[in-house]
Amino acid sequence: MYYYKVAIVASPLDLLSYHSHQELQKGSVVSVVLNNKERTAVVINEVEKPPFETLEIASLKDEYFSAKQLQLANFISSYYICSLGDALSLQRAFQKAPLKSTNISSEALTSKIELSKRQEEALAFAKQHPVSLLFGDTGSGKTEIYMEFFHQLLREGKKAIFLMPEISLTPQMSKRLEEHFGEHFVMWHSKLTPLQKKKALQKIDDGTAKIIAGARSCLFLPVEDLGLIVVDEEHDESYKSASRPRYNARDLAIYMGHLYGAHVLLGSATPSLTSYVKFPHIRLKGGHIAAKREFVFLRESEGVSESILRELKERVEKKEQSILFVPTRANFKHLLCASCGHTFTCAFCSVGMSLHLKHNALKCHYCNFTQAIPKSCPECSGDELVSSRVGTAEALKVVQEYIPEAKVEQFDRDAITTAKKLREALERFNNREIDILVGTQMLSKGHDYHDVTFAAILGMDNLLSQGDYRAREKALSLLIQVAGRSGRAKDAKVLVQSFNEEFFRPYLENYEAFLEEEKFFREELYPPFKKLCRVLFAHKKEQKAHEEMRQMEDALRRFGDVEIVGAKKCAIERVAGKYRFEILLRADKSTALIKAVRSCKTKLAEVDMDPLDFV
Ligand code: ADP
Ligand code: ZN
């Protein structure tokens, strides 16, 4: 008889013991019975016969996790403080079915790309370093460098993973990859249909796929002979998972590079301070096509100003295209009573409800709770309700009223709900069927609009005034990213409605100057010089969440190398009916945080290592 410790996939439980008549390999995927339910589990190691009764492993599946996959799961489990079963649930196992021996097509092997001298230097730089940062302005030709690198790897018989934020997975990008790599390229992301998923997996399992592109989850597909991981737009926050385990795909890519002996290439026009400090970089300045951007600041606060409207109208008359960036969705972010100041907050969350005029509704952007727009104030019966913080829907309305002949479209999560809608909107814009795109963050990500000559940017001051240590970095990089969507072929004007010109101006063409200064601001206090960990407690009963926080806080006090920065109510006290408390921890080394948190963690505690979100 053989005895094994197994990890139950997607369970927070520790390893459990089972027995088998048959000898099993580490990493084998099996079925076991737990509490009368059949569960998928993974064989972790063989053990001596335990002193208690064990159940038999019910069946052996046709899948396995490789030694490297198990090592990655171990790392995730220890660094992000979760069970091995949770860490394994992120990854997809290998199939035992034999690989197809595919000949690589000649088009995928040979490259038609002719890199510029500077691009050649950048590629050579990336090949010299295990991890490097390609710090290149938008349009400077980063993607071309990745493509050339992929071609070269294919010739060496290796594979590559190409990570990008979900929203940059545009049809344009697919087309570009398809042209270069044909059937040896697959796209992997959450919006694939079941059939598309099945086809993609087949190509991965039988080895046809050599270039695997996708959002953060594509890091966990079963791949051997990995030679390169590219993390495009490496500064993007969507690489961080918002659910257990709260991993950061960029950081895991670096770990995996080490594990597989593969290169890791991070790319961004506005790299994170962390990557800038930690890894060697090479700078590509200016666009591959030389177009200029003129920045103008407008000291006005709310709404779409007259100057913006005039500029937009002028472009429409000249048949040129514009983008208008607004940080929030809906018509307005807040609604309040003019006489008593009562604000309309969600019944389940301690946040203001957003005003959606199209649906005649107030909607909570945290839990989706919706109610009809009230006619009067429930506190004082006053009937003058005022709204503030213009959102996309309202900006669109204002623009359309001012320029009735313009074709204006909304580009945010309310309007672009499917991959098809995204594809179609981008197609319409690039075919010039749209004059003005009004959108949120979605506008800023990776899309290649050919011909935008005017960009207007609202709401930067709100972003800058957030109490987050990364507020400056977030606001500036967003501004540069949105501006970078204009002036790709022709010169463009960028109008920023903000009172903070003194902050933004010096860095617009010089992001490295910002990074150098930001280093001093962060030293001694914040990442990358210190490590942070946030522990969240959420419960329907306020008392319960509060007590667990206090209990863990007390236990943490005996760790001299971990500083308790705060233990308090979260900035947003309640979400979806649950009261929220947090402990924020700081240390010089992650090992100190991991040790302390692991030994003091209470049942309710949700660990967020290297947190990016502080609400
Ligand atoms: P980035 O990824 O840095 O935003 P891209 O790689 O998309 O930049 O390049 C911007 C534009 O310049 C694209 O249209 C691309 O095809 C073109 N381009 C970049 N490098 C070259 C090159 N070496 N030869 C021809 N065209 C290039
Ligand atoms: Zn809510």
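Throughout what follows, the structure given in this document is the object of discussion. (Residues numbered from 1 in each chain as written. Chains lettered and ligands numbered in written order. Predicted model: local features only at pLDDT ≥ 70, side-chain atom pairs only at ≥ 80, totals over all residues. Heavy atoms only, no water.)

**Some thoughts on the pattern of salt bridges**
No. 1: Under the criterion given, the structure shown has 43 salt bridges.
No. 2: Note that glutamate 317 and lysine 313 form a salt bridge whose closest N and O atoms lie 3.9 Å from each other. Taken together, the positions of glutamate 317 and lysine 313, both in helix α10 (residues 306-317) and four residues apart, correspond to about one turn of that helix.
No. 3: Given the relative accessible area of 52%, glutamate 317 is considered exposed. (Salt bridge = Lys/Arg side-chain N within 4 Å of Asp/Glu carboxyl O. Helix = DSSP H or I, 4+ residues; strand = E, 2+ residues; numbered from the N terminus. Buried < 20%, exposed > 50% of the residue type's maximum accessible area, 1.4 Å probe, protein only.)

**Brief notes about the site of ligand 1**
No. 1: Taken together, 15 residues sit near ligand 1, with Glu114, Gln119, Gly139, Lys142 and Thr143 positioned nearest.
No. 2: The backbone of glycine 139 places a nitrogen or oxygen atom 2.8 Å from an oxygen atom of ligand 1.
No. 3: Within the side chain of threonine 143, one N or O atom sits 2.5 Å away from an oxygen atom of ligand 1.
No. 4: The fraction of the free accessible surface of ligand 1 (550 Å²) that becomes covered by protein chains is 75%.
No. 5: Take the shell around ligand 1: its biggest share by element is three residues, from helix α5 (residues 142-155).
No. 6: Here the residues of the shell around ligand 1 sort into one nonpolar, eight polar and six charged. (Near = heavy atom within 4 Å. Polar contact = N/O pair within 3.5 Å; in protein donor to acceptor, adjacent residues only side chain to side chain. Areas by Shrake-Rupley, 256 points an atom, 1.4 Å probe, with all protein chains shown as cover. Nonpolar A, V, L, I, M, F, W, Y, C, P; charged D, E, K, R; others polar.)

**Some thoughts on the coordination of the zinc ion (ligand 2)**
No. 1: Around the zinc ion (ligand 2), the protein supplies Cys346 (SG), Cys349 (SG), Cys364 (SG) and Cys367 (SG) as donor atoms, at distances of 2.3 to 2.4 Å.
No. 2: For the zinc ion (ligand 2), the four donor atoms in the first shell make angles of 105 to 113° at the metal, a pattern classed as tetrahedral.
No. 3: Expressed as a motif, the donor residue spacing for the zinc ion (ligand 2) is C-x2-C-x14-C-x2-C. One end of the pair, cysteine 346, is in the loop between β17 (332-337) and β18 (354-356); the other, cysteine 367, is in the loop between β19 (361-363) and β20 (370-372), with 21 residues separating them in the sequence. (Donors = N, O, S within 2.8 Å, 3.2 Å for Na, K, Ca; no water. Tetrahedral: all angles 85-135°; square planar, octahedral: opposite > 155°, others 65-115°.)

**Quick notes on α10**
No. 1: The first and last C-alpha atoms of α10 sit 17 Å apart over twelve residues, in line with the 16 Å expected at 1.5 Å per residue.
No. 2: Buried residues in α10 make contact with β15 (293-298), β16 (321-325), α11 (392-402), β23 (436-439), β24 (452-457) and β25 (492-497).
No. 3: The positive-phi residue at the C-terminal boundary of α10 is lysine 319, with phi of around 60°. (Expected span 1.5 Å × (residues − 1). Contact = heavy atoms within 4.5 Å.)

**Re the packing of aromatic side chains**
No. 1: All chains considered together, the criterion is met by 20 aromatic pairs.
No. 2: Between tyrosine 64 and phenylalanine 94, the aromatic rings sit 5.5 Å apart at their centres with planes inclined by 15°, giving stacked as the arrangement. Taken together, the positions of tyrosine 64 in strand β6 (residues 59-64) and phenylalanine 94 in strand β7 (residues 94-95) put the pair 30 residues apart, joining distant regions of the chain.
No. 3: Tyrosine 64 sits in the partly exposed class, given a relative accessible area of 27%.
No. 4: Between phenylalanine 220 and tyrosine 247, the aromatic rings sit 5.2 Å apart at their centres with planes inclined by 85°, giving edge-to-face as the arrangement. Remark: tyrosine 247 occurs in the loop between β12 (226-232) and α8 (249-260) and phenylalanine 220 occurs in the loop between β11 (211-214) and β12; sequence separation between them is 27 residues.
No. 5: By relative accessible area, tyrosine 247 is classed as buried at 4%.
No. 6: Ring pairing ties together the aromatic residues Phe135, Tyr276, Phe297, Phe503, Phe504, Tyr507, Tyr511 and Phe514, which thus form one cluster. (Phe/Tyr/Trp six-rings, centres within 6.5 Å; stacked < 30°, edge-to-face > 60°.)

**Thoughts on the packing of α5 against helix α6 (residues 171-181)**
No. 1: The geometry of α5 relative to α6 is characterised by a closest axis approach of 11 Å and an angle of 30° between their N-to-C directions. Taken as axis vectors, α5 and α6 run roughly parallel relative to one another. For α5 against α6, the interelement crossing comes out right-handed. The segment α5 lies against α6, with Thr143, Glu144, Met147, Phe150, His151 and Leu154 engaging Met173, Arg176, Leu177, His180 and Phe181. (Axes fitted to C-alpha atoms, helices over the stretch in contact; angles between N-to-C directions. Parallel < 35°, antiparallel > 145°, perpendicular 65-115°, else oblique. Left-handed = near helix turned anticlockwise from the far one by under 90°.)

**Notes on the nonpolar core**
No. 1: Core analysis: the largest hydrophobic core is formed by 147 residues, its most contacted members being Phe150, Leu177, Phe411, Met460 and Phe504.
No. 2: At eight residues, α8 tops the list of elements feeding residues into this core.
No. 3: When sequence neighbours within four positions are dropped, the list of residues in contact with phenylalanine 504 reads Phe297, Met460, Leu464, Ala475, Leu476, Leu479 and Ser498.
No. 4: If you look at the next biggest cluster of nonpolar residues, it comprises 33 residues, including Leu298, Val316, Leu396 and Leu495. (Core = buried A, V, L, I, M, F, W, Y, C linked by side-chain atoms within 4.5 Å.)

**Details of the side chain of glutamate 518**
No. 1: Examined against the element boundaries, glutamate 518 turns out to sit in helix α16 (residues 511-522).
No. 2: On the accessibility criterion, glutamate 518 (0% relative accessible area) is buried.
No. 3: Among the polar contacts made by the side chain of glutamate 518, one reaches the side chain of arginine 472 at a distance of 2.9 Å.

**Concerning unusual backbone geometry**
Leaving glycine out, the prevailing phi sign among residues is negative, and the prevailing peptide bond configuration is trans.
No. 1: For the bond running from arginine 244 to proline 245, omega is -10°, close enough to zero to count as cis.
No. 2: Tracing the chain through its elements places proline 245 in the loop between β12 and α8.
No. 3: A cis amide bond links proline 527 with the next residue in sequence, proline 528, at an omega value of 5°.
No. 4: Among the structural elements, proline 528 can be located in the loop between α16 and β26 (531-539).
No. 5: In the Ramachandran plot, glutamate 233 falls in the positive-phi region, its phi being about 50° despite a non-glycine side chain.
No. 6: By secondary structure assignment, the location of glutamate 233 is in the loop between β12 and α8.
No. 7: Backbone geometry at asparagine 368 places phi at a positive 70°, although glycine is not the residue there.
No. 8: Relative to the helices and strands, asparagine 368 is located in the loop between β19 and β20.
No. 9: Exposure remark for asparagine 368: the relative accessible area of 52% places this residue in the exposed category.

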